[in-house]
There are 2 protein chains.
Amino acid sequence: MEKQKGKATVEIFGETYTLRGDDDPETIIRVAAFIDDRMKRIARNNLRLSPTRIAVLAALNLAEEYLRLEKDYQELVEMINGEK
Amino acid sequence: MEKQKGKATVEIFGETYTLRGDDDPETIIRVAAFIDDRMKRIARNNLRLSPTRIAVLAALNLAEEYLRLEKDYQELVEMINGEK
């Protein structure tokens, strides 16, 4: 994995991506490894899925988890504000 | 969009997915529409990307946002526990 400030070249599910972002290269590499792992896990459990469908399912799972965490976060904020 | 308890048939970036989950069909449909929208936005800004790469980029963006929210959440928990 090649890296420089705010940029990293990573491999995700067999394809190379040069990613740029506000995060440091370590974070970009960590996030990429996380998605690579998620996709490989989905692929193992669904042998006939195309790479696109595997990536879409990974994105769907993450979106669900994001919404759940967002709800927990909001509840915590409401608790702090004494609304509950 | 077809729906029944914990299951929904949706279209994401031109492909049909039958999704099952613990969430109600409305939530599944909402999450699917969210990913569809994200992918279409990425595609508009990167005309030559393959559907797989578009889906992977959508997943990467979501993972970054998830990690950011998780950090905020942890900070809030620490604040509540008087650790800060």
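So, here's what we can say about the structure.

1. Looking at the pattern of salt bridges
A full pass over the atoms with the stated rule returns 12 salt bridges over all chains. With a closest N to O distance of 2.8 Å, Asp-36 of chain A and Lys-40 of chain A form a salt bridge. Linking Asp-36 of chain A with Lys-40 of chain A, this pair stays in helix H1 (residues 25-45), spanning 4 residues, or about one helical turn. You can call Asp-36 of chain A buried: its relative accessible area is 12%. The partner of Arg-38 of chain A in a salt bridge is Glu-65 of chain A, with the nearest N and O atoms 3.0 Å apart. With Arg-38 of chain A in helix H1 and Glu-65 of chain A in helix H2 (residues 51-80), this residue pair connects regions lying 27 residues apart in the sequence. Arg-38 of chain A gets classed as buried once you look at its relative accessible area, which sits at 17%. Through salt bridges with shared partners, a single network forms among Asp-23 of chain A together with Glu-64 and Arg-68 of chain B.

2. Some details on the packing of H1 of chain A against helix H2 (residues 51-80) of chain B
Between H1 of chain A and H2 of chain B, whose axes approach to 9 Å, the crossing angle comes to 120°. The orientation of H1 of chain A relative to H2 of chain B falls into the category oblique. For the pair H1 of chain A and H2 of chain B, the sense of crossing is right-handed. Side by side, H1 of chain A and H2 of chain B meet where Arg-30, Val-31, Ala-32, Phe-34, Ile-35 and Met-39 of chain A of the first sit next to Val-56, Ala-59, Leu-60, Ala-63, Glu-64 and Leu-67 of chain B of the second. Of the residues belonging to the contact of H1 of chain A with H2 of chain B, the class tally is 10 nonpolar, no polar and 2 charged.

3. Describing the pairing of strand S2 (residues 7-12) of chain A
Two faces, one strand: in a regular strand the side chains alternate between the faces of the sheet. Residues and elements named next belong to chain A. Sheet analysis places S2 next to strand S3 (residues 15-20), joined by 6 bridges and oriented antiparallel. When the sheet's bridge partners are listed, Val-10 is paired in S3 with Tyr-17. What sits between the antiparallel neighbours S2 and S3 is a turn of 2 residues, in which Phe-13 has the positive phi angle 50°.

4. Considering the relation of the copies chain A and chain B
In the superposition of chain A on chain B (RMSD 0.0 Å, axial shift 0.0 Å), the rotation amounts to 180°. Classification of the inter-copy transformation places it as that of a two-fold axis. The residues that chain A uses at the interface reappear at the interface of chain B in 100% of cases, marking a shared surface.

5. Structural notes on the side chain of Asp-36 of chain B
For Asp-36 of chain B, the side chain forms a polar contact with the side chain of Lys-40 of chain B, separated by 2.8 Å. Not counting residues up to four positions away in its chain, the partners in contact with Asp-36 of chain B are Glu-11, Ile-12 and Phe-13 of chain B.

Thresholds, definitions, all that
- By convention here, each chain's residues receive numbers from 1 onward along its written sequence.
- Whichever chain is written first becomes A and whichever ligand is written first becomes 1, with later ones labelled in order.
- Local features in this predicted model are restricted to residues of pLDDT 70 or higher, and side-chain atom pairs are both shown and tallied only at a pLDDT of 80 or more, whereas totals for entire chains, interfaces and linings draw on every residue.
- Here the side-chain values reflect all heavy atoms present in the structure, with hydrogen atoms and water set aside.
- By convention in these notes, a salt bridge is any Lys or Arg side-chain nitrogen within 4 Å of a carboxyl oxygen on Asp or Glu.
- Strands are runs of DSSP state E lasting at least 2 residues, helices are runs of H or I lasting at least 4, and numbering of each runs from the N terminus.
- Residue burial is assigned from relative accessible area. The probe radius is 1.4 Å, only protein chains are included, and a residue is buried under 20% of its type maximum, exposed over 50%, and partly exposed in between.
- Axes here refer to lines fitted to C-alpha atoms; in helices the fit is confined to the stretch in contact. Angles between the N-to-C directions go from 0 to 180 degrees.
- An angle below 35 degrees is read as roughly parallel, one above 145 as roughly antiparallel, one from 65 to 115 as roughly perpendicular, and any other as oblique.
- Take the far helix as the reference: if the near one is turned anticlockwise from it by less than a right angle, the crossing is left-handed, and if turned clockwise, right-handed.
- By definition, residues are in contact when any of their heavy atoms lie within 4.5 Å.
- Any residue outside Ala, Val, Leu, Ile, Met, Phe, Trp, Tyr, Cys, Pro, Asp, Glu, Lys and Arg is labelled polar, Gly included; the first ten of those are nonpolar and the last four are charged.
- Being paired, for any two strands, means DSSP has found at least two bridges between them.
- Copies overlap after least-squares fitting; the atoms used are the C-alpha atoms of residues with pLDDT of at least 70 in both.
- In protein, a polar contact requires one atom able to donate a hydrogen and another able to accept it; more generally it is a pair of N or O atoms within 3.5 Å, and residues adjacent in sequence count only if both atoms are side-chain atoms.

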